[in-house]
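# Examination of the molecular architecture
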Amino acid sequence: MKETKKGVLIGFGAYILWGIIPMYWKLIPTSVGPIDILAYRVIWSFVFMIIYILVTKKRKNFFRECKELWQDRRKLISIIFAALFISINWFTFIYTVSIGQVTQASLGYYMNPLVNVLLATLILKEPLGRLGKIACGFAFIGVILLTIQTGTIPVPSLVMAFSFSIYGLIKKGLTLSSYTGLTIETLVILPVALIYLIGFSPSGFMTYTGEVNLLLLGAGAITAIPLLLFAEAAKRISYIILGFIQYINPTIMLLLAVFVFHEPYTGEQFFAFSFIWVGIALFTYATIHSWRKEQQFEQQVIKTEKSTKLEE
């Protein structure tokens, strides 16, 4: 029970941090372009993870996992693709926030669980129940309504939802510790980030004021800490509980967009979002219902086994 409570608290910490991250990116001046921010985010995340591995004395396990990864070409290719998709997600998020579209970012993360279901059905061939199909249908209607209202498809939201879902799908097949996975992912993109900043960035490498350089350096911790907290929470609590907690992130983003950044939020947008929220509610209900059935079945099996033992 203590582990569950600890897991819930850690999970809350991870998703609250993810929710308020837009405020951090808003502190960085617009003179620093989204690609530059992404490059610094990769570099300082890698540095942060190396320090974390050394401080927590996980060096031996890290090198052991790296050796196993190098010997398994399939896993190596998988983590390269994981690095690619998480980089796409990070860049899209940073870009969306930088142009004052935090509402779009929140929409992307509201859609993420439903995209997970869709990919699991299409790629993993996992069965999708009737309520799951209805939930995806409501979300699809919401996206269509937003497209009609704005006259454009919410591309950033879709890119964020699908890139993070594909990233999660790839990670699901990798048996790596959270710190090794994140370190290798940032290492894969690190050469590209360094080459861009040194050879192609209009501003060069670390040529900003001290305050801006500190903000960019802090991007490493801002990136890595929520991911590490999330991994620890996932070990301690069920997927159902984690599923509930994850909606904290886009909800905080949406509230920040409306009340802090004063982005326009019309009644028509609220109506479109309501379809997505209904889809989420149906999806959550279907997941809970399925989980309860599994629990009842397991309890029944245990009772049957106990009865059989007593009769013997």
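Residues numbered from 1 in each chain as written. Predicted model: local features only at pLDDT ≥ 70, side-chain atom pairs only at ≥ 80, totals over all residues. Heavy atoms only, no water.

## Quick notes on the overall build of the protein chain
Note the following rule: Per the convention used, a helix needs a DSSP run of H or I reaching at least four residues, while a strand needs a run of E reaching at least two, with both numbered from the N terminus. Burial here depends on accessible area, computed with a 1.4 Å probe over protein chains only, as a share of the maximum for the residue type. Under 20% is buried, over 50% is exposed, and the range in between is partly exposed. Contacts: residue pairs with any heavy atoms within 4.5 Å of one another. Computed with a 1.4 Å probe, the accessible areas rest on the Shrake-Rupley method; for each residue, only the protein chains presented here act as cover. Here Asp and Glu are counted as negative and Lys and Arg as positive; His is not counted, and neither are the chain ends. Taken as the charge centre is NZ of Lys, CZ of Arg, CG of Asp or CD of Glu, depending on the residue.
Along its length, the protein chain carries 12 helices and 0 strands. Helices (α) and strands (β) of the protein chain occur, in sequence order from the N terminus, as α-α-α-α-α-α-α-α-α-α-α-α. Across its three principal axes, the protein chain shows a C-alpha extent of roughly 80 × 55 × 35 Å. Counting only residues that meet the buried cut, the protein chain has 42% of its 312 residues in that class. The contacts in the protein chain between residues at least 6 apart in sequence include a share of 86% that link residues at least 24 apart. On the protein chain, roughly 17200 Å² of surface is accessible, and the fraction owed to carbon and sulfur atoms is 69%. Across the protein chain, the mean location of the 26 positive side-chain charges is 4 Å away from that of the 16 negative side-chain charges.

## With respect to a nonpolar patch on the surface
Spelled out, the test is: Patch construction takes residues with relative accessible area above 30% that form no salt bridge. Like charges are linked within 9 Å, and nonpolar side chains (Val, Leu, Ile, Met, Phe, Trp, Tyr) are linked within 5 Å. We count a salt bridge whenever a side-chain nitrogen from Lys or Arg sits within 4 Å of a carboxyl oxygen from Asp or Glu.
A surface patch of nonpolar side chains, amounting to about 620 Å² of accessible area, comprises F12, I16, I20, M23, L255, F259 and V260. Residue contributions to the nonpolar patch peak at 4 residues, all from helix α1 (residues 2-27). Topologically, I20 is positioned in helix α1. Among the residues examined, I20 registers a relative accessible area of 36% and is labelled partly exposed.

## Describing the nonpolar core
Buried together is how nonpolar side chains tend to be arranged in soluble globular proteins. Formally: Only buried residues count toward a nonpolar core, which is a set of Ala, Val, Leu, Ile, Met, Phe, Trp, Tyr and Cys residues joined through side-chain atoms within 4.5 Å.
Among the nonpolar cores identified, the biggest contains 57 residues, and W25, I28, V32, I37, F93 and L216 are the most heavily contacted of them. In terms of residue count, the dominant contributor to this core is helix α2 (residues 34-55) (10 residues). In contact with W25, other than residues within four places in its own chain, are I37, R41, F93, I94, V97, A219 and I222. Membership of the second largest hydrophobic core comes to 22 residues, among which are L107, Y110, Y247 and A272.

## Section: unusual backbone geometry
Backbone geometry places M206, a non-glycine residue, at a positive phi of 55°. Positive phi outside glycine occurs at H262, with the angle close to 55°. Here H262 shows up in the loop between α11 (248-260) and α12 (267-311).

## A few points about the environment of T223
For T223, the position within the fold is in helix α9 (residues 210-236). Residue classification places T223 among the buried positions, given a relative accessible area of 2%. Distance in space between the C-alpha atoms of T223 and F48 is 9.4 Å, their sequence separation being 175 residues. Setting aside its immediate chain neighbours within four residues, T223 contacts R41, S45 and W90.

## Some thoughts on the side chain of D36
Within the fold, D36 resides in helix α2. The side chain of D36 is buried and forms no salt bridge, while R41, the nearest opposite charge, is found at 14 Å. The contacts of D36, once residues within four sequence positions are left out, are Y196, L197, S201 and Y208.

## What to know about the pattern of salt bridges
For the coordinates displayed, the defined rule picks out 2 salt bridges. The residue E68 makes a salt bridge to R64 at a minimum N-O spacing of 2.9 Å. Linking E68 with R64, this pair stays in helix α3 (residues 59-71), spanning 4 residues, or about one helical turn. Of the residues examined, E68 reaches a relative accessible area of 43% and is grouped as partly exposed. We classify R64 as partly exposed; its relative accessible area is 42%. In this structure, K171 engages E185 in a salt bridge whose closest nitrogen and oxygen atoms are separated by 2.7 Å. Residue K171 is located in helix α7 (residues 155-172), and its partner E185 is located in helix α8 (residues 178-200); the two are separated by 14 residues in the primary sequence. Among the residues examined, K171 registers a relative accessible area of 26% and is labelled partly exposed.

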